[in-house]
Every structure is written in C-alpha cells, then in structure tokens.
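# Overview (structure and organization)
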2 protein chains.
Amino acid sequence: MKRIALDMDGVLADVAAQFIRFHENETGELKTPDQIAGLSEIQAFPYARKHVFAPGFFRTAPLLPHSREVVKKLSEEYEIFIVTAATEFPQSLAEKQAWLGEFFPFIGWKQMVFCGNKSIINADIMIDDHYRNLDQFPGFTILFDQHHNRHRENGRHRRVFNWKEIEQLLL
Amino acid sequence: MKRIALDMDGVLADVAAQFIRFHENETGELKTPDQIAGLSEIQAFPYARKHVFAPGFFRTAPLLPHSREVVKKLSEEYEIFIVTAATEFPQSLAEKQAWLGEFFPFIGWKQMVFCGNKSIINADIMIDDHYRNLDQFPGFTILFDQHHNRHRENGRHRRVFNWKEIEQLLL
C-alpha cells in the first residue's frame, strides 16, 4: 500500500479563506482571490503572523471542498498520514488535532504528524501547497494550487486545483 | 550530516520515575526499579493510562541524567530531530513542547516531530526505548534500556544503559 503524506493548511483546511476573514475583522478590508494571487501569505495579509497565533484560527478554518470525501476514498487504497507544520505555533497543535477529529474522524492518531520540517517524512506521495516541502521530497509530488504558489513554474510537481482532480489522478 | 531521530519518553524524559511518583500518589505504594524490571508500563503501573492523561504528567517529568549535555554535543555533529509519540494523548502536545523548550532550548521547532507511528520517519539513526519503533526503522538503531524492554533479546539493536554510553558510541 503506497503512503501519502497529506498537508493540512491550504490542502484540507482553507486557511486562505480564514486569512481573508481575519484580515477583514482586523482592517475592514475584504480581499478578493484576484488581489492575493501570486502573493505570499505575509504579502497578502500583513497581519498573518498575528492571525496564526490568534486562538481559534486553526480550529475554525473551513474545509476545502470535497477534501473529506476524497480523503475517505483514498484511505481505502493508500496509507494516509496527515503531515502538518505546526510546531512553529505551539497553540495550534491542540487546535489542529481537534479540527482533524471533527472533520476527519476516520483519521486516527497514528496517522497524524505535527512537525516543523518535512524533510523527515518518509512516504511515496506528498500533497502540499508549499514548494519548500515538495522540493526536498524524493517521491511523487502534487502541488495544491494556492494564491501563494501561483505564477510560479510547477517544476517536477504536478499542480492540481481541487480535490476532484486529486481523485482522478490517484484513484 | 547524519540525522538522528531521538525519542523523548524514556530517552530524554524519565517517565519511569514519573510513573513511580504518580503511582505512589495514587496508591501509597512505592515501586522499586527491581520490582518493575521486565514489566510493561501497564503491568508495572496499573493506573498508567490514567497518569498519562493527568495534567502535568509530561510537563513535569525529570530529565534523564546527562541527556542535555550529550544531545548538545551531538547537535554539533548530527542533525537532531526529536521524534515523540504524542498524538495518542492530545493534551501532551503542548506539555511536551514546553518541556523541550525548558530543558532543550537549543532544539528549535523545526527539529520537533509529534506523531503516532514512527514508520513515517526518515533518518539515519534512531534512539528509542521501544522495539515497535526500532524494529521498523531501516537505519542504525539504539535501544535505550528501560524497565519495559529489559529481559528481551536486543536483536539487531544496540542496547545502551545511559547517555554517557551514547556519547562514546556516536562521538
């Protein structure tokens, strides 16, 4: 059974929507997807560092469309590990685990990895929205399209725009 | 630079001492090292499951002798990752990270991995006190002696009894 290392933020959890909401609460300004395309998180949301430390930021993030149903199907044919960069924001650890428990109850604690640097991950396939994680991964790499990775060459990574595409690609 | 995946409980943190203390608080009975040699945690401490969910269990665990000074020296010649099974006990995540921050301030968040199943770990050397983690690791394996792994064959693992031995072995 092949193993997939599956990122959370920007792949399962719609943190861009969460940044837009927190930014609007902070400034009154509603950013559109077009405005943030091609911008890093800190470029798009000047208060991003404040938001990610705010209680509830990770716990209340919305789900990316179709992520749950496709991950459930993938679980039948692949060994799934959720691998998320979390140790930079210690308060996010409990929030992320509770979030997974709510939206992905079929993912057990043995399948969760909270880390800082994903070069430690041993898997066959990685699905992530950050080049820094995919570039150092030796296996098959799927780049989940997000505002911060748009307008860049895909390189060896396969870019997908939504979970239905992942379903077609892997199932 | 070779990478070491370093366990926390039973390798850096003296959880056996912590179990002895919590067991005494629970029952009034003081267990000696001889009494628990060769016994699993649950055999040695019938309330182990209760203890590991008790607030403070991981946060207040004592340090194993010489672990800090030797890990500091190892950091100069190896890439160190702390890899700890934590997701089974969600409340332990924050406690473990705070504990590392107190006793190992030179270990950054990028070097921490909180997981459930260590088969996901890609490293050259693993230091752990559990066969289940070492047996599935393809690299060089060091078994840290603990009451629950005593009286078993070492197999391909190199058993060490203290941190001074690790220093001699790896430096």
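Coordinates for the structure precede this section.
These numbers were taken from a predicted model, which means no experiment stands behind them.

### A few points about the nonpolar core
Generally speaking, soluble globular proteins have nonpolar side chains that are buried together. Residues Leu6, Leu12 and Trp163 of chain A together with Leu6, Leu12 and Trp163 of chain B are the most contacted members of the largest nonpolar core, which totals 88 residues. When sequence neighbours within four positions are dropped, the list of residues in contact with Leu6 of chain B reads Val11, Leu12, Val71, Ile80, Phe81, Ile82, Val83, Ile127 and Trp163 of chain B. Formed by 26 residues, the second largest nonpolar core is a distinct cluster that contains Phe81 and Met126 of chain A together with Ile120 and Tyr131 of chain B.

### A look at helix H6 (residues 92–103) of chain B
A turn of α-helix holds 3.6 residues, and therefore any two residues three or four places apart point the same way. In this model, H6 of chain B (12 residues) spans 16 Å end to end at C-alpha, consistent with the 16 Å of a helix rising 1.5 Å per residue. Within the span of H6 of chain B, buried status applies to Ser92, Leu93, Glu95, Lys96, Gln97, Trp99, Leu100 and Phe103 of chain B. On its buried face, H6 of chain B is in contact with helix H6 (92–103) and strand E3 (112–115) of chain A together with helix H5 (67–77), strand E2 (79–85) and strand E3 (112–115) of chain B.

### Things to note about the relation of the copies chain A and chain B
Superposition record for chain A on chain B: RMSD 0.0 Å, screw rotation 180°, translation along axis 0.0 Å. The operation mapping one copy onto its partner corresponds to a two-fold rotation axis. The share of interface residues of chain A whose copies in chain B are also at the interface is 100%, consistent with both copies meeting through the same surface.

### Regarding the side chain of Asp129 of chain A
Residues and elements named next belong to chain A. Looking at the element boundaries, Asp129 is found in the loop between strand E4 (125–128) and helix H7 (131–134). The side chain of Asp129 is buried and forms no salt bridge, while Lys118, the nearest opposite charge, is found at 6.4 Å. One polar contact links Asp129 to His148, side chain to side chain, over a distance of 2.8 Å. Those residues in contact with Asp129 that sit more than four places away from it in its chain are Asp7, Asp9, Gly10, Val11, Leu143, Phe144, Gln146, His148 and Asn149.

### What about the sheet that holds strand E4 (residues 125–128) of chain B?
Taken in spatial order, the 12 strands line up as E6(A)-E5(A)-E4(A)-E1(A)-E2(A)-E3(A)-E3(B)-E2(B)-E1(B)-E4(B)-E5(B)-E6(B) in an open sheet, and their pairing is mixed. In this open sheet, the two edge strands, each paired with only one partner strand, are strand E6 (158–160) of chain A together with strand E6 (158–160) of chain B. Neighbour-to-neighbour, the strand axes of the sheet open up by a mean angle of 20°, direction not taken into account. As defined by bridge partners, E2 of chain B adjoins E3 of chain B across 4 bridges and the pair is classed as parallel. Each bridged residue has a counterpart across the sheet, and for Val83 of chain B the counterpart in E3 of chain B is Val113 of chain B.

### Some points on the pattern of salt bridges
Residues and elements named next belong to chain A. Per the counting criterion, the structure on display carries 24 salt bridges over all chains. The shortest N-O distance in the salt bridge between Lys118 and Asp7 comes to 3.0 Å. You can see Lys118 sitting in the loop between E3 and E4 and its partner Asp7 sitting in the loop between strand E1 (3–6) and helix H1 (15–27), a full 111 residues away along the chain. Among the ionic pairs, Glu167 bridges to Lys73, the shortest N-O distance being 2.7 Å. Of the two residues, Glu167 sits in helix H8 (residues 163–170) while Lys73 sits in helix H5 (residues 67–77), which places them 94 residues apart along the sequence. Its relative accessible area of 16% is what places Glu167 among the buried residues. Overall, Lys73 belongs to the partly exposed group, its relative accessible area being 37%. Connected via shared salt-bridge partners are Glu69, Lys73, Lys164 and Glu167.

What counts and how
Residues numbered from 1 in each chain as written. Chains lettered and ligands numbered in written order. Predicted model: local features only at pLDDT ≥ 70, side-chain atom pairs only at ≥ 80, totals over all residues. Heavy atoms only, no water. Core = buried A, V, L, I, M, F, W, Y, C linked by side-chain atoms within 4.5 Å. Buried < 20%, exposed > 50% of the residue type's maximum accessible area, 1.4 Å probe, protein only. Contact = heavy atoms within 4.5 Å. Helix = DSSP H or I, 4+ residues; strand = E, 2+ residues; numbered from the N terminus. Expected span 1.5 Å × (residues − 1). Least-squares fit on C-alpha atoms with pLDDT ≥ 70 in both. Lys, Arg positive; Asp, Glu negative; His and termini not counted. Salt bridge = Lys/Arg side-chain N within 4 Å of Asp/Glu carboxyl O. Polar contact = N/O pair within 3.5 Å; in protein donor to acceptor, adjacent residues only side chain to side chain. Pairing = 2+ DSSP bridges. Axes fitted to C-alpha atoms, helices over the stretch in contact; angles between N-to-C directions.

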